[in-house]
Structures are given as C-alpha cells and as structure tokens.
Amino acid sequence: VTAVKDYYGEKIGMYFTYLGHYTTWLIYAAIGGFIGWIGVAGDNSNPSAPVIPYLCVFIAVWCTLFLEFWKRTEKTTAMKWGMVGFEEDEQDRPEFEGEVTLSPVTGRPFRYFPRKHYLFRQ
C-alpha cells in the first residue's frame, strides 16, 4: 500500500488501505455466514432455523468491531503518512475569485464562489 501511496497520493493510498482492511474482515463474516448456512441447511432449509438469531447477533457485533478497528487503522495510517490536518493546509488556486465569508461550520473566514455568479458565467 505504501508504494500505491507514493505513486498515486495519500487519498488513493488510504482507499487501498481500506480495501485491504475490509477484505481481511470479510473473512470473519464469511466464516460466520458459512456456519449459519450449514445450520439452515441442516434444518431442511428452514428460514426460521434456530441458528438465524445467532447469526444476526454475530453480524451486528462484526459490523461494530469492523468500524471501530477501521477508525483505529485509519488514524494510525494517517499519522504514519503525515496526513493529520492536511486538508486544513490546502490553498486556493491563485486564479480563484470568490467572496470572503464566514464558514458556518468553523466560523473562520474562507473564500466562497456564490451560486448566482456561477449561473451568470454559463
């Protein structure tokens, strides 16, 4: 993944880090699903087999753990690659013409291109 990051950039590298993490975690979901499938098949393909509630709980726990471990992996990778706060350092193009207004999220001033100006340029 580091070679992908070095060639294509951090955002694409992070995407491939996510794909690797997701694929690894899908192995556990596949094992749980296979066990559930065996339980349903052993009950003559009964859709209300006793194993179904256990499978549902397993998948719910799997989803929670997957997301929490992804958050950890994402932050760790971002720190290794020096991506923490990198979007705050982005600069506007020198040719960009916009009105200075306050951000509704952070309250800090930023340059904004109003929709009314966009419509008149077309």
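Residues numbered from 1 in each chain as written. Predicted model: local features only at pLDDT ≥ 70, side-chain atom pairs only at ≥ 80, totals over all residues. Heavy atoms only, no water.

Colleague: Is there a simple way to explain the pairing of strand β1 (residues 99–102) in this structure?
Modeller: Put simply, side chains in a regular strand alternate between the two faces of the sheet. Across four bridges, β1 lies against strand β2 (residues 109–112) in antiparallel orientation. Within β2, the residue paired with leucine 102 across the bridge is proline 109. Once β1 ends, the chain turns through six residues before running back antiparallel as β2, passing glycine 107 with a positive phi of about 85°. (Pairing = 2+ DSSP bridges. Helix = DSSP H or I, 4+ residues; strand = E, 2+ residues; numbered from the N terminus.)

Colleague: I'm lost on helix α3 (residues 51–81) in this one. Help?
Modeller: Each α-helix winds once per 3.6 residues, and so residues spaced three or four apart point in a common direction. Helix length check: α3, at 31 residues, gives a terminal C-alpha distance of 44 Å against a target of 45 Å (1.5 Å per residue), a fit within 8%. Along α3, the positions that sit buried rather than exposed are Trp62, Phe66, Trp70, Thr77, Ala78 and Trp81. Check the buried side of α3 and you find it contacts α1 (2–8) and α2 (10–42). Once α3 ends, the next one or two residues include glycine 82, with phi positive near 70°. (Expected span 1.5 Å × (residues − 1). Buried < 20%, exposed > 50% of the residue type's maximum accessible area, 1.4 Å probe, protein only. Contact = heavy atoms within 4.5 Å.)

Colleague: Before we go on, may I ask you to explain the environment of phenylalanine 96 in this structure?
Modeller: The topology assignment puts phenylalanine 96 in the loop between α3 and β1. Phenylalanine 96 gets classed as partly exposed once you look at its relative accessible area, which sits at 22%. A sequence separation of 16 residues divides phenylalanine 96 from tyrosine 112, and the C-alpha atoms of the two residues are 9.4 Å apart. Look past the residues within four positions of phenylalanine 96 in its chain and what remains in contact with it is Arg111, Tyr112 and Phe113.

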